[in-house]
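Reading the structure
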Amino acid sequence: MADSATVFHGTFVHSTKEEDMVIHSDMVIGVKRGKIIFIEHETSLPDLMSEYSVPRDNVRHLEKWQFLIPGLVDTHIHAPQYTFAGSNMDLQLYDWLNTYTYPTEAKFKDLTYAMDVYSKVVDRTLKNGTTTACYYATLHRDATNLLLQVIEKAGQRAYVGKVNMDCRTPSFYQETTEESLEETEKFVESTISKKNPLVTPIITPRSIGTSSEELRTSLGQLSQQYQLPVQTHVLETRGDLATFDHLHVWDKAGLLKHNTVLAHCVYMSEVQLDLLRQRGSGIAHCPNSNITLRSGFLDVRNVLAKGCKIGLATDVSGGYSSSMLDALRSASQVSKTIAIQREERGENYKMLSYKELFRLATLGGSEVMGLDETIGNFQVGKDFDAIVVDPLVENSPFDVFSTDTFSDIIQKFLFLGDDRNMIDVFVAGTRASGR
Ligand code: GUN
Ligand code: FE
């Protein structure tokens, strides 16, 4: 009965456009061909089972304290940098790029090496509940195709970008403008021809400094021609503020669109945030990276007040953890650090709540990627990207007490939980697994 519906019965937690976190108990969610076909109270289960001819074995009754959350959305991650995640954390951005990052990425010419690293990063992120990832690969088209194959086999949802860089990088890791455009177009065409709704090529000029104006303009045209999302790094360090308006440069090249993902944006002015909102582009907030590389603190409260789209990201390996729960915790610490700084100045600051952080990691991320019609929460018609969380799993990293409420347990999971608690990870209704 491959084509019959499956049903999840129990509690689910998600965000909506109106509310950062809603808990629904005693519910049934029906899933067919990867999509949510109904969300009802459990009292309707018998009727729904007969209406949709659901076999008894296709109903999964969640156990006590288990609950469903939407899959986590990592809006910015460098797959090749996973090689050195958790090490090489002593330098700031530009030294870090030259000393560790470019030499590592250059090694992805070697497809055997690439296969090993890419299998591991996809496996690790999926285990940790990243159902959707916005990946940077390297300059190499072959290796980027390998990453794509690994993702497809594992069943992850992803944007995958062949990186573009035609200036100001070491000669061992640079391409000409012509090569960059040719290889990107080939990558785009071969990826589109797969017709896999879960994987999308993304136009990926790495940064302003590493792209010529010609490259940026041509990539802008390519992204329009194929209707593709775009990603880059923007205003990550104080030094990036220097001389000209970075956001305006991207806009001029036609690269600020409703599905443009801008990593960092730590040093964005109010005027730039206004432009971002007008264009509908979103911010990938990378708090672990911003601390590890000592770049700065993004004021998420201000971004939200401006009405801009924002999600969370690991930025592996500027950020040392590939877990989106870590990104959520780091975002909390950054927000509290800003609160401490403001309080020292006698100002009030409303730090991010756990509910807001949860929204950023799920629905917020889907908005940034322009995917909020498809994923991000539980809604009839959306794809079923979900994690079954078990707080009582053997060897759980946290404890549950008789006095705990359900909201206590959700918070403990967000701040102390890990992949051991994520007993099943679904992408478009199918259990995803790396290896
Ligand atoms: N800016 C340009 N490239 C990178 C990168 O790989 N990581 C980070 N964090 N910032 C960048
Ligand atoms: Fe990055």
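Cut-off values and rules
Residues numbered from 1 in each chain as written. Chains lettered and ligands numbered in written order. Predicted model: local features only at pLDDT ≥ 70, side-chain atom pairs only at ≥ 80, totals over all residues. Heavy atoms only, no water. Helix = DSSP H or I, 4+ residues; strand = E, 2+ residues; numbered from the N terminus. Rg over C-alpha atoms; globule rule 2.2 N^0.38 Å. Buried < 20%, exposed > 50% of the residue type's maximum accessible area, 1.4 Å probe, protein only. Contact = heavy atoms within 4.5 Å. Lys, Arg positive; Asp, Glu negative; His and termini not counted. Charge placed at Lys NZ, Arg CZ, Asp CG, Glu CD. Salt bridge = Lys/Arg side-chain N within 4 Å of Asp/Glu carboxyl O. Near = heavy atom within 4 Å. Polar contact = N/O pair within 3.5 Å; in protein donor to acceptor, adjacent residues only side chain to side chain. Areas by Shrake-Rupley, 256 points an atom, 1.4 Å probe, with all protein chains shown as cover. Nonpolar A, V, L, I, M, F, W, Y, C, P; charged D, E, K, R; others polar. Pairing = 2+ DSSP bridges. Axes fitted to C-alpha atoms, helices over the stretch in contact; angles between N-to-C directions. Expected span 1.5 Å × (residues − 1).

As a further point, take the overall build of the protein. Looking only at helices and strands, the protein features 13 helices and 18 strands. For 435 residues, the compact-globule estimate of 2.2 N^0.38 gives 22 Å, and the C-alpha radius of gyration of the protein, at 21 Å, lies within 12% of that figure. By its C-alpha atoms, the protein is 65 × 60 × 40 Å across when sized along the principal axes. Taken across its 435 residues, the protein has 61% of its residues classed as buried. The contacts of the protein with a sequence gap of at least 6 include a subset with a gap of at least 24, amounting to 74%. Positive and negative side-chain charges of the protein, numbering 43 and 56 respectively, have mean locations separated by a distance of 1 Å.

Time to look at the pattern of salt bridges. Opposite charge on two side chains permits pairing when their charged atoms draw close. Across all of its chains, the model carries 27 salt bridges by this definition. Notably, a salt bridge pairs Arg359 with Asp20, separated by 3.8 Å at the nearest N-O pair. With Arg359 in helix H12 (residues 354-368) and Asp20 in the loop between strand S1 (6-14) and strand S2 (22-32), this pair connects stretches of sequence that are 339 residues apart. Here Arg359 falls in the buried class, since its relative accessible area comes to 15%. Looking at Asp20, the relative accessible area reads 29%, which means it is partly exposed. Its salt-bridge partner being Lys127, residue Asp123 comes within 3.5 Å of it at the nearest N-O pair. Note that Asp123 and Lys127 are positioned in helix H3 (residues 111-127) at a spacing of 4 residues, about one turn of the helix. Taking relative accessible area as the criterion, Asp123 reaches 10% and is therefore assigned buried. Judged by its relative accessible area of 37%, Lys127 is partly exposed. One continuous salt-bridge network, built from bridges that share partners, spans Lys17, Asp20, Arg359, Glu367 and Asp372.

Moving on: the site of ligand 1. Inspection of the region around ligand 1 gives His78, Gln81, Leu93, Trp96, Leu97, Arg206, His233, Glu236, His264, Ser289, Leu293 and Asp315 as its neighbouring residues. Within the side chain of Glu236, an N or O atom sits 2.7 Å from a nitrogen atom of ligand 1. With respect to ligand 1, the side chain of Asp315 contributes an N or O atom lying 2.8 Å from a nitrogen atom. For ligand 1, whose free accessible area comes to 280 Å², the fraction covered by protein is 98%. Of the residues forming the shell around ligand 1, the biggest block, 3 residues, is contributed by helix H2 (residues 93-106). When its residues are assigned to classes, the shell around ligand 1 shows 4 nonpolar, 5 polar and 3 charged.

In this section: the sheet that holds strand S6 (residues 72-78). Across the sheet, which stays open at both edges, the 4 strands sit in the order S6-S7-S8-S10 with parallel pairing between neighbours. Looking at the sheet topology across the chains shown, the edges are occupied by S6 and strand S10 (199-201). When the angles between neighbouring strand axes are averaged without regard to direction, this sheet yields 15°. In terms of strand pairing, strand S7 (residues 130-136) meets strand S8 (residues 157-161) through 5 bridges, oriented parallel.

Spatial ordering of the open sheet is given by S12-S13-S14-S15, a layout of 4 strands whose pairing is parallel. Both edges of this open sheet fall to strand S12 (230-234) and strand S15 (309-312), since each of them pairs with a single strand only. On average, each strand axis in the sheet is tilted by 30° relative to the strand beside it, whichever way the strands run.

So, on to H3. The first and last C-alpha atoms of H3 sit 24 Å apart over 17 residues, in line with the 24 Å expected at 1.5 Å per residue. Among all positions in H3, only Ala114, Val117, Tyr118, Ser119, Val121, Val122, Asp123, Thr125 and Leu126 are buried. If you follow the buried residues of H3, they end up packed against S6, S7, helix H4 (141-154) and strand S17 (422-427). With a side-chain oxygen positioned 3.0 Å from the backbone nitrogen of Thr112, the residue opening H3 is Asp110. Residue Gly129 follows H3 closely and has a positive phi angle near 90°.

Scope: geometric values only; no functional claims are made or implied.
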